[in-house]
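Now for the letters of each chain:
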Amino acid sequence: MIRYLEAEGLIESLPKKGPIVARLTWVIAEQINNIRLLLEQEAAFSCAQRAGEADKARLRQQMQEIAQASREHNDIRRVEASRAF
C-alpha cells in the first residue's frame, strides 16, 4: 500500500524518517477536488433514483435541521445534522 501511495505522489519516503504526506500543489489539489465532485454528484444521483418516500422524508427532515441550526448560528448542531444527512 505504501508503494502504491508513493507511486501516486500522495506520500514521500524520507531516508531515516519513513513515509510522510506529500505536499500537494494547487493544481493537483484542484484536480482531486474536481474528481471528488464528479463522484459525489454521480453517487447523489444514483441515491436519488433509488430512494423511497420514507428515505426522502428523512432527508427533508435532516435538511430542515441543518437549516434551523444555520439560522441559529449553532455550528455544532449544524455539523451533527450534516453528518446525519
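Our structure's up above, just so we're on the same page.
Just so it is clear, the structure is predicted and the values come from calculations on it, not from any experiment.

> For this particular structure, what's the right way to read unusual backbone geometry?
Its identity is not glycine, yet Lys 16 carries a phi of approximately 65°, on the positive side. Inspection of the secondary structure assignment puts Lys 16 in the loop between β1 (11-14) and β2 (18-21).

> What exactly am I supposed to notice about the packing of helix α3 (residues 53-71) against helix α4 (residues 75-84) here?
Relative placement of two packed helices is described by the angle separating their axes and the distance separating the axes. Packing of α3 against α4 leaves a shortest axis separation of 8 Å and a crossing angle of 165°. Taken as axis vectors, α3 and α4 run roughly antiparallel relative to one another. Our pair here, α3 against α4, has a crossing hand that is left-handed. From α3, Gln 62, Glu 65, Ile 66, Gln 68, Ala 69 and Ser 70 reach across to α4, where they touch Arg 77, Arg 78, Ala 81, Ser 82 and Ala 84. In terms of residue class, the contact of α3 with α4 is made up of four nonpolar, four polar and three charged.

> I would appreciate a short explanation of a nonpolar patch on the surface in the present structure.
A grouping of Leu 10, Leu 24, Ile 28 and Ile 32 is seen on the molecular surface, where their side chains present a nonpolar patch of about 320 Å² in accessible area. Mapped onto the secondary structure, Leu 10 falls in the loop between α1 (2-7) and β1. Using a relative accessible area of 36% as the deciding quantity, one classes Leu 10 as partly exposed.

What counts and how
Residues numbered from 1 in each chain as written. Predicted model: local features only at pLDDT ≥ 70, side-chain atom pairs only at ≥ 80, totals over all residues. Heavy atoms only, no water. Helix = DSSP H or I, 4+ residues; strand = E, 2+ residues; numbered from the N terminus. Axes fitted to C-alpha atoms, helices over the stretch in contact; angles between N-to-C directions. Parallel < 35°, antiparallel > 145°, perpendicular 65-115°, else oblique. Left-handed = near helix turned anticlockwise from the far one by under 90°. Contact = heavy atoms within 4.5 Å. Nonpolar A, V, L, I, M, F, W, Y, C, P; charged D, E, K, R; others polar. Patch = residues over 30% accessible without salt bridge, like charges linked within 9 Å, V, L, I, M, F, W, Y side chains within 5 Å. Areas by Shrake-Rupley, 256 points an atom, 1.4 Å probe, with all protein chains shown as cover. Salt bridge = Lys/Arg side-chain N within 4 Å of Asp/Glu carboxyl O. Buried < 20%, exposed > 50% of the residue type's maximum accessible area, 1.4 Å probe, protein only.

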